[in-house]
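Chain by chain, the residues:
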Amino acid sequence: MITRTVSKNPRTTRGDLVNDLQRAGTKVTKPTISNTLRRQGLKSCSARRVPLLKPVHVQASLKFAREHLDDPDEDWENVIWSDETKIEFFGKNSTRRVWRTKNAELHPKNTIPTVKHGGGNIMLWGCFSAKGPGRLIRVKERMNGAMYREILSENLLPSARALKMKRGWVFQHDNDPKHTARATKEWLHKKHFKVLEWPSQSPDLNPIENLWRELKVRVAQRQPQNITALEEICMEEWAKIPATVCENLVKTYRKRLTSVIANKGYITKY
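This one's a predicted model, so the numbers in the text were calculated from it and none came from an experiment. (Residues numbered from 1 in each chain as written. Predicted model: local features only at pLDDT ≥ 70, side-chain atom pairs only at ≥ 80, totals over all residues. Heavy atoms only, no water.)

Student: Sorry, what's going on with the packing of helix H6 (residues 145-162) against helix H8 (residues 182-190) here?
Tutor: How two helices pack is summed up by the angle between their axes together with the distance between the axes. Two elements in contact, H6 and H8, have axes whose closest approach is 9 Å; the angle formed by their N-to-C orientations is 20°. Judged by the inter-axis angle, H6 sits roughly parallel to H8. Here H6 and H8 pass one another in a crossing that is right-handed. Counting all contacts with H6, which are made through Gly145, Tyr148, Arg149, Leu152 and Ser153, the residues of H8 involved are Ala183, Thr184, Trp187 and Leu188. (Axes fitted to C-alpha atoms, helices over the stretch in contact; angles between N-to-C directions. Helix = DSSP H or I, 4+ residues; strand = E, 2+ residues; numbered from the N terminus. Parallel < 35°, antiparallel > 145°, perpendicular 65-115°, else oblique. Left-handed = near helix turned anticlockwise from the far one by under 90°. Contact = heavy atoms within 4.5 Å.)

Right, dumping it as structure tokens:
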């Protein structure tokens, strides 16, 4: 009964199980419940926070992965990947624990859906390619379409030049409304930038997510004491990320697509 209950609902607490069993006429302690679940290969873990995915998002990710699975590696090497991220200064958001088996942390039952950029302390925009990190800037105000176009105007082409991108390079950004606004599309078209068609809510398809993780680990290790220091350390650590890290992220892109297909369009471990 214990195993069956947590398999159906991984967020069931030991207290819930004690009460359920008591109602069924069996008295069991919390340590006994933990030991029982551990023998079944289940342990209590913090639920992973992932974007809220609707069926249409899952199908779009799956379609993208299947359509691009056989693209040559050289195509991905000619992409500039971009995104925004927030860096927390006052600790992580609250956690929720779930019972799960090893390697099941990204199953939808074991995750907490998040809405992109809810709260946070400093917002960053950055880009990279297989050649290395591009520019990283702090977004100091609430970003709108005009500000986004200004960021691209001042940072995208200089990044492409610094990274020595080949002729015909492709720009990747997600489907945030600021990115897909008509004025932004017209600006990109006017500047003759090629844009990679991108499925909504698909951060697992974007290798820059791994680079953000790398940056956040590096920043956390330096323990910034205030917002000014947080920004400075972000810039310093971004510049220190080796080009080989970026190269490997792009080299393994086909494996990333394979993983998305294997997970039927859901968030992968990449």
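Student: Any chance you could explain the nonpolar core here in plain terms?
Tutor: One broad trend across soluble globular proteins is that nonpolar side chains are buried collectively. Phe64, Trp76, Trp81, Phe128, Leu211, Leu215 and Tyr253 are the most contacted members of the largest nonpolar core, which has 31 residues in total. Of all the elements in the fold, those that place two or more residues in this core are helix H4 (55-68), strand E3 (79-87), strand E6 (122-129), helix H9 (208-222), helix H10 (227-240), helix H11 (243-251) and helix H12 (253-262). For this core, the element with the highest residue contribution is H9, accounting for 5 residues. In this structure, Ile137, Met143, Trp169 and Leu188 belong to the second largest nonpolar core, which totals 20 residues. (Core = buried A, V, L, I, M, F, W, Y, C linked by side-chain atoms within 4.5 Å. Buried < 20%, exposed > 50% of the residue type's maximum accessible area, 1.4 Å probe, protein only.)

Student: It is not clear to me how helix H2 (residues 14-23) should be interpreted in this structure. Could you clarify?
Tutor: Every α-helical turn comprises 3.6 residues, leaving residues that sit three or four positions apart pointing alike. The set of residues buried in H2 consists of Leu17, Val18 and Leu21. Projected down its long axis, H2 shows its buried positions confined to an angular sector of 105°, all on one face. Looking at H2, the residues exposed on the side facing more than 90 degrees away from the buried face are Gln22 and Arg23. Elements in contact with the buried residues of H2: helix H1 (2-8) and helix H3 (30-39). The positive-phi residue at the C-terminal boundary of H2 is glycine 25, with phi of around 95°. (Arc of directions from axis to C-beta.)

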